[in-house]
Amino acid sequence: MTGTRLATGKGREQMPAIAIIGAQWGDEGKGKATDLLGSSVDYVVKFNGGNNAGHTVVINTPDGKQEKYALHLLPSGILTPGCTPVIGNGVVVDLDVLMEELDGLEARGVDTSKLVVSASAHVIADYNRTLDKVTERFLGSRRLGTTGRGIGPTYADKMNRIGIRIQDLFDEKILRQKVEGALELKAQVLTKVYNRRAPLVEETVEELLKHADRLRPMVRDTGLLLNQALDRGETVLLEAGQATLLDVDHGTYPFVTSSVTSRANATHGAGIHPGHVDQCFGISKAYTTRVGNGPFPSELSLDEGPGMHMAQIGNEYGTTTGRPRRTGGLDMVA
């Protein structure tokens, strides 16, 4: 697998990028697949989503025991010695969650010093977490089943060109201007539509800046970093958050996530050329699960019988939400 090489016009050999994509509604075992390949690759890149998705990885320790890690924002490659984990430009970053995950891993003796974060990744501001939660409650029976972590509103800000990027955290003047611009509209929506207190510019800026010093050494132009690695003949593994049937374009819209989860976004969200991807692996379980609302043709009831049996045997609870996953038979049509 990792021996596959792409020929270049200059007579050099180039190692490929490999994409791992979820083929169902998520929770197929992408983290496990990434972990299995991790020792054979040089970089593992998370290219989409945020802390609305989760990977559970179990690794063997030198003393023969097993350690379980639940990762929400960090790429699974952070657990592989010698592998460089990368949070790509297509990810939206909750800084509090990032630091909590790093602290948790470091407390268990995991070396996190090689983590790289894209300067172009967008940051989840607190006002977007609030908007996500109140909007979902306002929808009532029409709610989408979001995680309430501000993912959707942050991607919306990105498209509306009022988003906050990682690089903005290192210029307080620019950061304040961007926060002021975003709050001109969001404060009105929160107060007049949802009857919530409008956040203040200063408190928002202070919240965003509190991790800036710790974050600074991790930040790079990750597109340049990864292209240079590929030119050197190193291997890059692209790891999707969530899965194909939750893709914002090709999934069960509107019960989808807010990003492109398919192979089409793998290179875009990492900042490399599409031609670099030599292989793409779609990961599927022998049955199907889904978290949140939306159609599920092969669903079995969790109240009793086979559905509950699959949920219990498979320990089907969301890594991020803790909610029981809906279970059903393998849906080859989907």
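## Section: the overall build of the chain
Stage number 1. The secondary structure content of the chain amounts to nine helices and 16 strands.
Stage number 2. When burial is assessed residue by residue, the chain has 51% of its 334 residues classed as buried.
Stage number 3. A fraction of 73% describes how many contacts in the chain between residues 6 or more apart in sequence connect residues 24 or more apart.

## Concerning the sheet that holds strand 9 (residues 116-118)
Stage number 1. The seven strands lie next to each other as 11-9-7-4-12-3-13, forming an open sheet whose pairing is parallel. Every interior strand has two partners, whereas the edge strands, strand 11 (219-220) and strand 13 (277-283), have only one.

## Quick look at the environment of Ile-21
Stage number 1. Among the secondary structure elements, Ile-21 is positioned in strand 3 (residues 17-22).
Stage number 2. The class of Ile-21 is buried, set by a relative accessible area of 5%.
Stage number 3. Note: C-alpha distance between Ile-21 and Ala-240 (219 residues apart in sequence) is 5.4 Å.
Stage number 4. Excluding residues within four positions of it along the chain, Ile-21 makes contact with Lys-30, Phe-47, Ala-240, Thr-244, Thr-261, Ser-262, Arg-263, Cys-280, Phe-281, Gly-282 and Ile-283.

## Considering the nonpolar core
Stage number 1. Counting 36 residues, the largest nonpolar core has Ile-87, Val-93, Leu-98, Leu-115, Ile-166 and Leu-215 as the members making the most contacts within it.
Stage number 2. Elements with a contribution of two residues or more to this core: strand 6 (66-71), helix 2 (95-107), helix 5 (172-193), helix 6 (201-209) and helix 7 (212-215).
Stage number 3. The element best represented in this core is helix 2, accounting for six residues.
Stage number 4. In this structure, Ile-87 is in contact with Lys-46, Leu-73, Leu-74, Pro-75, Val-93, Leu-98, Leu-115, Val-116, Val-117, Ser-118 and Thr-222, ignoring residues within four places of it in sequence.
Stage number 5. Counting residues in hydrophobic clusters, the runner-up holds 19 residues, among them Ala-17, Val-45, Leu-230 and Val-236.

## Examining the packing of helix 5 against helix 6
Stage number 1. Taken N-terminus to C-terminus, the directions of helix 5 and helix 6 make an angle of 130 degrees; their axes are 10 Å apart at the nearest point. The angle between the axes of helix 5 and helix 6 places the two elements in the oblique class. Seen from above, helix 5 lies across helix 6 with right-handed handedness. Of the residues in helix 6, those in contact with Glu-172, Leu-175, Arg-176, Val-179, Glu-180 and Leu-183 of helix 5 are Val-201, Glu-202, Thr-204, Val-205, Leu-208 and Leu-209.
Stage number 2. Grouping the constituent residues of the contact of helix 5 with helix 6 by class yields seven nonpolar, one polar and four charged.

Conventions adopted
- Every chain is numbered on its own, with residues counted from 1 as its sequence reads.
- Totals for whole chains, interfaces and linings use all residues, but because this is a predicted model, local features are given only for residues with pLDDT of at least 70 and pairs of side-chain atoms are given and counted only at 80 or more.
- Note that the side-chain values use all heavy atoms of the structure and ignore hydrogens as well as water.
- Think of it this way: any DSSP run of H or I at least four residues long counts as a helix, any run of E at least two long counts as a strand, and we number them from the N terminus.
- Relative accessible area decides the class of each residue, using a 1.4 Å probe on protein chains only: under 20% of the type maximum gives buried, over 50% gives exposed, and in between gives partly exposed.
- Only heavy atoms enter the contact rule, under which two residues are in contact if any of them lie within 4.5 Å.
- By this definition, two strands are paired if DSSP reports at least two bridges between them.
- For the purposes of this section, nonpolar cores are sets of buried Ala, Val, Leu, Ile, Met, Phe, Trp, Tyr and Cys residues that join through side-chain atoms within 4.5 Å.
- The convention used is that axes are lines fitted to C-alpha atoms, helices contributing only their stretch in contact, and that angles between N-to-C directions extend from 0 to 180 degrees.
- An angle counts as roughly parallel when it lies under 35 degrees, as roughly antiparallel when it exceeds 145, as roughly perpendicular when it falls between 65 and 115, and as oblique in every other case.
- By the definition used in this description, the sense in which the near helix is turned from the far one sets the handedness, with an anticlockwise turn below a right angle giving left-handed and a clockwise turn giving right-handed.
- The residue classification treats Ala, Val, Leu, Ile, Met, Phe, Trp, Tyr, Cys and Pro as nonpolar and Asp, Glu, Lys and Arg as charged. All others, Gly included, are polar.

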